[in-house]
Amino acid sequence: MDETALSLGTIDVSYLSTSADCSISRCKHSSEEWGECNSRPTLFRSATLRWKEALLSRKRPFVGRCCYVCTPQSRDNFFNSSIPSLGLRNVIYINETHTRYRGWLARRFCYVLFVQERDVHKGMFAKNLTENVLNSSRVQKAIVDEASEPSTPGSFVQTDPKAINKVKKKARKILQEMVANVSPALIRLTGWVLLKLFNSFFWNIQIHRGQIEMVKAATEMNLPLIFLPVHKSHIDYLLLTFILFCHNIKAPYIAAGNNLNIPIFSTLIRKLGGFFIRRKLDQNPDGRKDFLYRALLYVHIEELLRQQQFLEIFLEGTRSRSGKTSGARAGLLSVVVDALFSNAIPDVLIIPVGISYDRIIEGHYNSEQLGKPKKNESLWSIARGVFRMLRKNYGPNDTVDESAEASLPNSRDITSEPFRRELISNLAEHILFTADKSCAVMSTHIVACLLLYRHRQGTDLSRLVEDFFSMKEEVLARDFDLGFSGNSDDVVMHAIHLLGNCVNITNTSKNNEFFVTPSITIPAVFELNFYSNGLLHVFIKEAVIACSLHAIQSRRGRNGTSGASPSLISQEHLVRKAASLCYLLSNEFTVSLPCQVIYQVCHESVERLIQYGILLVAEQDDQEDVSPSLTEQQWNKKLPEPISWRSDEEDEDSDFGEEQRDCYLKVSQSQEHQQYITFLQRLLGPLLEAYSSAVIFVHNFSGPVLESEFIQKLHRHLISRTEKNVAVYAESATYSHVKNAVKVFKEIGVFKQTQQRKDVILELGTTFLPQRNRQKLLEFVMSFMVL
């Protein structure tokens, strides 16, 4: 399986403000370079000033290239040195120059002419899908098996032709929901409608021309392409198809949950290439696996791939409610892998896609984060969403990065189920990591993050603008893309306007300055946290190191030190402490690819902080042995070794893991560096508070109990702490944190689970039955948290 490192680019969606008190640049198709800021250095700029003084005027990085370890061929084959210089393009800016015609009439009807000239016709889509699927040997066998299923265990019933016909009708009915019937005419019409709509509520939708060229080069290989976007909004379904349509690239078949199979809307989706699948494959009343549905789904996907169709799959399964990339649900991806290894197709190109919004059209997911059940989609809810978008204009910033050709080794036996599961899991993790890395950082992400974790008590607008500019430079210095441009003052005001009631602005008497504060209501904090999480992946590695520094220093402060200098920290100890924190929070974020070793990634992060001057290497005479105690090491659970996609010869040549002499570090005591470390520690504050509160709640655990019931009780406990102002971070009470904490507790053995029909029963694991072990776990989690 080849991984094609492609990046569709950054979609800059900007809100068209009509507020009189917001001074925002109205140049809709601007190509301004990054704004300048002639102000005093802020903590972010000062923390790395010496290292990157020359980077303040650097251009935006080219994101989305595939992994040099796993897919070196695709990394080179689809890229050349001229690709990054092709620049950005606003997809929804169409005029007569984008058509073959000129003149007044062409300008008047440029949208119609542009859509009419797109290359889309019936012959490029799949043919005879339903009949080919029903006639396949696998489906035929599943039909016979279901028709001849014995009524009682051990009994045998001869196959009845009437029963077979009945099951065939059932299979055909399932395929009517599953199979898309693409209409080129409707695709053209929808393209014209979307051009009108997107220009009404989006400022622009930017993509990188170079990334599109890489996608076009991939289509010329006559192989199926699998697009795997991050999932943040319902508009994701239309966005990718619209972009590909505008660039004469065949529309993909889109896998959608059957919760969207609603009247009228479902017909439109099928005509545009969407097909509906169950959110839970097995829906038999007795809980048994539905082998007929599984066979139909498998053969349907395989047939699409065999006919060299493109697929669009959302690995997360549902929209992210936290603003972070959710864990992968690799069901459909496993079908692609199985089809490849069964030689149904010669190869496949996998393209991760990163998408970022200034503000999602749904606005927020506060009701679900507060524990309320998700509302079912309906035609009325969709109509309300469209009406809400038409009332507002969202400035676009969206990063679509396609990059991935996943090279699967032939030296391993795919028929081995443990290896197959590990391979698919690592491939899914690799794809989501790449897509997340390609997501552009939006102006609302930076402003929300600064207000929550740098200026939670409020700040002057001028200071916020200074920190915004410096944060922007920090993002670029780490090779992450930005989804905005222009003067920092205007961009900050634009972001504040988009965040709406989450931000309060008051006028102070001091120099007629504006004072900006985040709203302290629970819904407002949850919403700010959602957008702030769009920046978390940029600083997550450094934040882990900063919290690990606190864990080591706080333990020394409590226990004292014997003979070792209290200011010296073992680099090896710091790396291992950071790796243990990564394992604890593994369901919240991913810091490394499956083809990387977590300890090496943490070591590189420490080296980066040394490069910034935040950590200082101690003088040779001062270095003493500061090895961690056994108590500190006992909760450092050994991480499972990631599956290796390299050859044995490459592994033998690798020098990683060789014995190296440990070195000892000091923390810079400059005010700027200390403030920067505090900022990094606050980024993980809500997660650590949620997990520590969950451990405290487990102290009074009386099981066994239903998992769903325990999650609800734990969530009510966290919400109660927030309402009583006990919580340091109100955003620690989000429902997503509760679910992830319970998941981690099951993984590390705090809980053991048993399945009873459709319910999961939790009870304490053997290791954590003694109260003292739960106390040790609490101390371990609390050690990372700065109160």
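The subject of this paragraph is the overall build of the protein. Within the protein, the regular secondary structure consists of 30 helices and 20 strands. When each of the 787 residues of the protein is scored for burial, the buried share is 56%. Intrachain contacts of the protein at a sequence separation of at least 6 include 82% that bridge at least 24 residues. Of the roughly 35,100 Å² that the protein leaves accessible, carbon and sulfur atoms contribute 50%.

A separate point is the sheet that holds strand E20 (residues 759-764). Within the open sheet, the 3 strands sit side by side as E18-E20-E19. Their pairing is antiparallel. For this open sheet the edge positions go to strand E18 (705-706) and strand E19 (751-756), each flanked by a neighbour on one side alone. Taken together, the 2 bridges between E18 and E20 define a ladder with antiparallel strand orientation. In the strand pairing of E20, Val705 is matched with Leu762.

This part is about the pairing of strand E5 (residues 225-229). For E5, the buried fraction is high: 5 of the 5 residues fall into the buried class. By the bridge criterion, 5 bridges tie E5 to strand E9 (residues 349-353) in an arrangement that is parallel. In the strand pairing of E9, Leu225 is matched with Leu349. Bridging between E5 and strand E8 (residues 311-312) involves 2 bridges; their strand directions are parallel. Paired with Phe227 across the strands is Glu312, a residue of E8.

The subject of this paragraph is the pairing of E19. By the bridge criterion, 6 bridges tie E19 to E20 in an arrangement that is antiparallel. Paired with Phe751 across the two strands is Leu764, which belongs to E20. Between E19 and E20, which pair antiparallel one after the other, the connecting turn spans 2 residues, and Arg757 there sits at a positive phi close to 55°.

A cluster of like positive charges, contributed by Arg279, Arg329, Lys739 and Lys743, occupies part of the molecular surface. Residue placement: Arg279 occurs in the loop between strand E7 (274-277) and helix H12 (291-306).

Following both chains from N to C, one finds helix H28 (residues 707-723) and helix H29 (residues 735-748) inclined at 130°, their axes separated by 10 Å at the closest point. In terms of orientation, H28 lies oblique with respect to H29. In this structure, the crossing between H28 and H29 has a hand that is right-handed. On the side of H28, the interface is formed by Glu707, Phe710, Ile711, Leu714, His715 and Leu718, while H29 contributes Tyr735, Val738, Lys739, Val742 and Lys746. The residue inventory of the contact of H28 with H29, partitioned by class, reads 7 nonpolar, 1 polar and 3 charged.

What follows concerns the packing of helix H6 (residues 137-147) against H12. Running from N to C, H6 and H12 cross one another at 170°; their axes reach a closest spacing of 9 Å. Judged by the angle between their axes, H6 and H12 are roughly antiparallel. Where H6 abuts H12, its residues Arg138, Val139, Ala142, Ile143 and Glu146 lie against Phe291, Leu292, Ala295, Leu296, Tyr298 and Val299. In terms of residue class, the contact of H6 with H12 is made up of 9 nonpolar, no polar and 2 charged.

On to helix H26 (residues 671-683), then. Compared with an ideal rise of 1.5 Å per residue, which puts 13 residues at 18 Å, H26 spans 19 Å between its outermost C-alpha atoms and is within 8% of the ideal. All buried positions along H26 are accounted for by His673, Tyr676, Ile677, Phe679, Leu680, Gln681 and Leu683.

With that settled, consider the packing of aromatic side chains. Per the counting criterion, the structure on display carries 17 aromatic pairs. Taken together, a centroid distance of 5.7 Å and an interplanar angle of 45° make the contact between Phe62 and Phe79 tilted. Here Phe62, found in the loop between helix H1 (43-47) and helix H2 (72-77), pairs with Phe79, found in the loop between H2 and strand E3 (88-90); they are 17 residues apart in sequence, far enough to count as distant. Following the ring pairs from residue to residue traces out a cluster consisting of Phe697, Phe701, Phe710, Phe745 and Phe751. Lying over the aromatic face of Phe114, Arg118 brings its terminal NZ or CZ to 4.0 Å of the ring centre. The cationic tip of Lys437 hangs over the ring face of Phe480; the distance from NZ or CZ to the ring centre is 4.2 Å.

Right, let's talk about the nonpolar core for a bit. In this structure, Phe198, Phe275, Leu296 and Leu684 are the most contacted members of the largest nonpolar core, which totals 214 residues. Among the elements that make up this core, the one with the highest residue count is helix H21 (residues 536-559) (12 residues). Leave out the neighbours within four places in its chain, and Leu296 touches Val133, Leu134, Val139, Ala171, Ile174, Leu175 and Met178. Residues Tyr237, Ala256, Ile269 and Phe314 belong to the second largest nonpolar core, which totals 7 residues.

Glancing now at the sheet that holds strand E14 (residues 514-518). Taken in spatial order, the 3 strands make up an open sheet running E12-E14-E13, and their pairing is antiparallel. Strands at the two margins of the open sheet, each flanked by one partner only, are strand E12 (459-460) and strand E13 (503-507).

When pLDDT is averaged along the protein, the result is 80, and 78% of the positions lie at 70 or above. With pLDDT under 50 throughout, residues 2-43 is counted as low confidence; its partners more than four residues away or in other chains account for 199 contacts. When the criterion is pLDDT under 50, residues 396-401 qualifies, and its contacts beyond four places in sequence or with other chains add up to 67 contacts.

Let's shift gears to the pattern of salt bridges. Scanning the model with the defined rule gives 21 salt bridges in all. A salt bridge links Lys170 to Glu146, with the nearest nitrogen and oxygen atoms 2.8 Å apart. Taken together, the residues Lys170 in helix H7 (residues 161-178) and Glu146 in helix H6 connect sequence positions 24 residues apart. Residue class for Glu146 comes out partly exposed when judged on its relative accessible area of 27%. As a salt-bridge pair, Glu588 and Lys324 come within 2.6 Å of each other at their nearest N and O atoms. Here Glu588, found in the loop between helix H22 (571-584) and helix H23 (598-612), pairs with Lys324, found in the loop between E8 and helix H13 (331-341); they are 264 residues apart in sequence, far enough to count as distant.

What follows covers a nonpolar patch on the surface. A surface patch of nonpolar side chains, amounting to about 680 Å² of accessible area, comprises Trp104, Leu105, Phe109, Val112, Leu189, Trp192 and Val193. Mapped by element, the contributors of at least two residues to the nonpolar patch are helix H3 (104-108) and helix H8 (184-201). It is H8 that contributes the most residues to the nonpolar patch, 3 residues altogether. The topology assignment puts Leu189 in helix H8.

With that out of the way, let us pick up the state of the cysteines. Under the criterion given, the structure shown has 0 disulfides. Note on Cys595: no disulfide assigned, nearest cysteine sulfur contributed by Cys70 at a separation of 3.4 Å.

Okay, unusual backbone geometry next. In this structure, Asp479 takes a positive phi of about 65° despite not being glycine. Relative to the elements of secondary structure, Asp479 occurs in the loop between helix H18 (461-477) and helix H19 (488-499). When its relative accessible area of 39% is taken as the criterion, Asp479 is described as partly exposed.

As for its placement among the helices and strands, Gln753 is situated in strand E19. Once the C-alpha coordinates of Gln753 and Gly765 are considered, the two residues, 12 residues apart in sequence, prove to be 8.8 Å apart. If sequence neighbours within four positions are ignored, Gln753 has contacts with Glu707, Lys746, Val760, Ile761 and Leu762. Among the polar contacts made by the side chain of Gln753, one reaches the side chain of Lys746 at a distance of 3.1 Å.

Mapping Glu368 onto the fold places it in helix H14 (residues 366-369). A C-alpha to C-alpha distance of 8.7 Å links Glu368 and Thr734, two positions 366 residues apart in sequence.

Checked against the element boundaries, Thr99 lands in the loop between E3 and H3. Reaching out from Thr99, the side chain makes a polar contact with the backbone oxygen of Glu96 at a distance of 2.9 Å. Residues within four places of Thr99 in sequence aside, it is in contact with Cys110, Leu113, Phe114 and Glu117.

Conventions and cut-offs
- Residues numbered from 1 in each chain as written.
- Predicted model: local features only at pLDDT ≥ 70, side-chain atom pairs only at ≥ 80, totals over all residues.
- Heavy atoms only, no water.
- Helix = DSSP H or I, 4+ residues; strand = E, 2+ residues; numbered from the N terminus.
- Buried < 20%, exposed > 50% of the residue type's maximum accessible area, 1.4 Å probe, protein only.
- Contact = heavy atoms within 4.5 Å.
- Areas by Shrake-Rupley, 256 points an atom, 1.4 Å probe, with all protein chains shown as cover.
- Pairing = 2+ DSSP bridges.
- Patch = residues over 30% accessible without salt bridge, like charges linked within 9 Å, V, L, I, M, F, W, Y side chains within 5 Å.
- Salt bridge = Lys/Arg side-chain N within 4 Å of Asp/Glu carboxyl O.
- Lys, Arg positive; Asp, Glu negative; His and termini not counted.
- Charge placed at Lys NZ, Arg CZ, Asp CG, Glu CD.
- Axes fitted to C-alpha atoms, helices over the stretch in contact; angles between N-to-C directions.
- Parallel < 35°, antiparallel > 145°, perpendicular 65-115°, else oblique.
- Left-handed = near helix turned anticlockwise from the far one by under 90°.
- Nonpolar A, V, L, I, M, F, W, Y, C, P; charged D, E, K, R; others polar.
- Expected span 1.5 Å × (residues − 1).
- Phe/Tyr/Trp six-rings, centres within 6.5 Å; stacked < 30°, edge-to-face > 60°.
- Lys NZ or Arg CZ within 6 Å of the ring centre and 35° of its normal.
- Core = buried A, V, L, I, M, F, W, Y, C linked by side-chain atoms within 4.5 Å.
- pLDDT = per-residue confidence, 0-100.
- Disulfide = S-S within 2.5 Å.
- Polar contact = N/O pair within 3.5 Å; in protein donor to acceptor, adjacent residues only side chain to side chain.

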